[in-house]
Every structure is written in structure tokens, then in C-alpha cells.
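Coordinates in review
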Number of protein chains: 2
Amino acid sequence: MVEAEIYRALGDPTRLTIVRRLAAGAPATIGELSKNLGISRQGARKQLQVLVSANVVHLVPKGRETQVVLDPATLQQAREFISGLEFQWDQRLEALKAFVEGDSEA
Amino acid sequence: MVEAEIYRALGDPTRLTIVRRLAAGAPATIGELSKNLGISRQGARKQLQVLVSANVVHLVPKGRETQVVLDPATLQQAREFISGLEFQWDQRLEALKAFVEGDSEA
DNA sequence: CAAACATGCAACCAAAAAGTTGCACGTTTA
DNA sequence: TAAACGTGCAACTTTTTGGTTGCATGTTTG
């Protein structure tokens, strides 16, 4: 069961920016990621925590700084769930089309 | 540019339930979709509006009732954006792996 | 036409979210 | 070891969100 939590985590401009930067290979310590988001470091940290709670990201403490790492499995899960919706939907359209075109053709 | 709005729309249990039902081929009038969500019809309508604003769904008025239809293009966009993130991330890991294993091998 | 139906809309409320400030604390490094 | 650095955490404020109730309005149908 895919949780709405995953999408909720991605559903905020600040958090999506963070995820984009991580995927693009940006620095990756909490401090670095917190820069240029237009909010305070503590504010950014709270957003980061939302991503952590949704397992979109996880934290790896190293000495005095903490590395932020993307969790590809969660992204995959989110993507596959959407694929599933699309698949079901397509099937419905196919069925409808067949019906309209004359399912019971001579 | 993919908007966080799409994910925000999916990021709520009630709204995700609505989307799931639509994809699965459930009835599809506002009234039908509003049932069994554990909230009032008006409450459900507000959630539906969020999906409409994010283009996850669109409404087709027919007489006194209104049909709710999934917008597959939006789902596709959401899925492809995630694919893009995964792709970038994979590339980074590949590059890192190559480097660690000895990029400059004799 | 009147009743039943499907829906829209605004006002209001409580809870959650987004962000801030202030301060504490372990880790490097000069 | 003192200062600088990277972080964590709690208290607080302001918006946003999720939900409700009440009522108005167009649409079918008996």
C-alpha cells in the first residue's frame, strides 16, 4: 500500500527543490542543502525532516556534519504506484472502446 | 517544470482514495465519489476541487450531475518527473562506482 | 407544478504546517 | 583550549488545510 505521505512529502516547492538538488548531485550536507531556499536553516531542517519521515531521504551523521542521501526505493515506489493507476485507467478506456466499436460484432 | 502541486494533490489519503477509485473504474459522479470517504459531501467536494486545480481530474457537468474524469496526462507527467530524478540519481551512482573501482586503471 | 435530487457556495472552526527566534551542544581547528 | 562550525531542539506565530453546517439553485420526475 502506497502511502499518501510520500506524495505529501514531494508536494511542497521547498522540499521538491531539495530532492531535485540531491538527484542532480548537489553537495548534500544538511547545511549545504539548506542554502538558497529562501528560508532559515532551521526552517529547511524541518522540511528535510518531512522527507526523512516519508523515507524519501535518509540522514548519515559524519562527525559534525550530516550527509543527506536520496532513497531510490521510495522514489521507485511512488513512480510505480502512478504507473499502476495509469495502467488501470488505460484498461478501462480499452474496454470502453471495444464496447463502443461493437463488442458483439457479427 | 513539474509543479509540487501535483504531488500535493495526491498527498492526502482522501484524495488518493478518490483517484484510486477513478482509476479502478468506480462510478464517477461527484455524488458517488463522495460516498464512503468518512466525510461530508461538501468536504469531499473540497478535496475534489484540489484534484481539479492540480489537473489530476476534470469535471464534466451533465444535466444535474457532474462527471469526474481522470486526466492521464497529469499522471504521466508526475510519473515521468520521478523517472527523471531516478535517472539522474542512477547516473551519479554509476559515476561514483566507476571512480571507486579505479577509473584510471592501467 | 411540487418534491426529490445533485450540486454549489460561503462562513466558520480546529488542527496541522511552515517558518522564525533563541539557545544548547558535540566536533573541528587555529 | 578557545573559537568557529554544523547541528539539534523547543517555543511561538501565522497561514493553510481539512472538515463542518446551513442555505441557495438548477434539474428531473411523479
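Our structure's up above, just so we're on the same page.
In what follows, the accompanying structure is described. Everything numeric here is computed off the predicted structure, so don't read it as measured data.

1. Overview of the nonpolar core
- One finds Leu 70 of chain A together with Tyr 7 and Leu 70 of chain B to be the most contacted residues of the largest nonpolar core, which totals 59 residues.
- Discounting residues that sit within four places of it in the chain, Leu 70 of chain A has contacts with Val 19, Leu 22, Ala 23, Val 56, Val 57, His 58 and Leu 75 of chain A together with Trp 89 of chain B.

2. What to know about the pattern of salt bridges
- Taken as a whole and assessed by the stated rule, the structure comprises 5 salt bridges over all chains.
- For Glu 32 of chain A, the salt bridge identified is with Lys 35 of chain A, shortest N-O distance 3.2 Å.
- For Lys 35 of chain A, a relative accessible area of 44% gives the class partly exposed.
- Linking Arg 79 of chain B and Glu 86 of chain A is a salt bridge whose minimum nitrogen-to-oxygen distance equals 2.2 Å. Taken together, the positions of Arg 79 of chain B in helix α5 (residues 72–100) and Glu 86 of chain A in helix α5 (residues 72–100) put the pair across two chains.
- Its relative accessible area of 12% is what places Glu 86 of chain A among the buried residues.

3. Here we look at unusual backbone geometry
All names here are of chain A.
- Of note in the backbone geometry, Asn 55 takes a positive phi value of approximately 60° without being a glycine.
- When you line up the elements, Asn 55 lands in the loop between α4 (41–53) and β1 (57–62).
- For Asn 55, a relative accessible area of 46% corresponds to the partly exposed category.

4. Concerning the pairing of β1 of chain A
All names here are of chain A.
- Here 6 bridges tie β1 to strand β2 (residues 65–70), and the two strands are oriented antiparallel to one another. Across the sheet, Leu 59 pairs through a bridge with Val 68, a residue of β2.
- Hairpin remark: β1 followed by β2, antiparallel, with 2 residues in the connecting loop; positive phi at Gly 63, about 60°.

5. Quick look at the relation of the copies chain A and chain B
- Superposition of chain A onto chain B requires a rotation of 180° combined with a translation of 0.0 Å along the rotation axis, giving an RMSD of 0.0 Å. The superposition of one copy onto the other is thereby described by a two-fold rotation axis.
- By residue overlap, the copies meet face to face through one surface: 100% of the interface positions of chain A are interface positions in chain B.

6. Points about the protein's contact with DNA strand C
- Neighbouring DNA strand C are 19 residues, the closest being Ser 40, Lys 46 and Gly 63 of chain A together with Gly 31 and Arg 45 of chain B.
- Protein-proximal atoms of DNA strand C, defined as those within 4 Å of the protein, fall in sugar or phosphate at a share of 60%.
- The contact in question runs from a base oxygen of DNA strand C to an N or O atom on the side chain of Gln 42 of chain A, over 2.8 Å.
- One nitrogen or oxygen atom from the side chain of Arg 64 of chain B is found 3.1 Å from a sugar or linking oxygen belonging to DNA strand C.
- Of all the secondary structure elements, the ones that give two or more residues to the surface near DNA strand C are α4 of chain A together with α3 (30–34), α4 (41–53) and β2 (65–70) of chain B.
- The element contributing the most residues to the surface near DNA strand C is α4 of chain A, with 4 residues.

7. Here we look at the protein's contact with DNA strand D
- Inspection of the region around DNA strand D gives 22 residues, with Gly 31, Arg 45 and Thr 66 of chain A together with Lys 46 and Gly 63 of chain B positioned closest.
- For DNA strand D, the backbone portion of the atoms within 4 Å of the protein, that is sugar and phosphate, comes to 58%.
- Between Arg 8 of chain B and DNA strand D, the recorded distance is 3.0 Å, taken from a side-chain N or O atom to a phosphate oxygen.
- Here a phosphate oxygen of DNA strand D sits 2.7 Å away from a polar atom, N or O, in the main chain of Ser 40 of chain B.
- Listing elements by their share of the surface near DNA strand D, those giving two or more residues are α3 (30–33), α4 and β2 of chain A together with α2 (13–24) and α4 of chain B.
- Residue contributions to the surface near DNA strand D peak at 4 residues, all from α4 of chain B.
- Tallied by class, the residues present in the surface near DNA strand D amount to 2 nonpolar, 10 polar and 10 charged.

Scoring rules and cut-offs
- Residues numbered from 1 in each chain as written.
- Chains lettered and ligands numbered in written order.
- Predicted model: local features only at pLDDT ≥ 70, side-chain atom pairs only at ≥ 80, totals over all residues.
- Heavy atoms only, no water.
- Core = buried A, V, L, I, M, F, W, Y, C linked by side-chain atoms within 4.5 Å.
- Buried < 20%, exposed > 50% of the residue type's maximum accessible area, 1.4 Å probe, protein only.
- Contact = heavy atoms within 4.5 Å.
- Salt bridge = Lys/Arg side-chain N within 4 Å of Asp/Glu carboxyl O.
- Helix = DSSP H or I, 4+ residues; strand = E, 2+ residues; numbered from the N terminus.
- Pairing = 2+ DSSP bridges.
- Least-squares fit on C-alpha atoms with pLDDT ≥ 70 in both.
- Near = heavy atom within 4 Å.
- Polar contact = N/O pair within 3.5 Å; in protein donor to acceptor, adjacent residues only side chain to side chain.
- Nonpolar A, V, L, I, M, F, W, Y, C, P; charged D, E, K, R; others polar.

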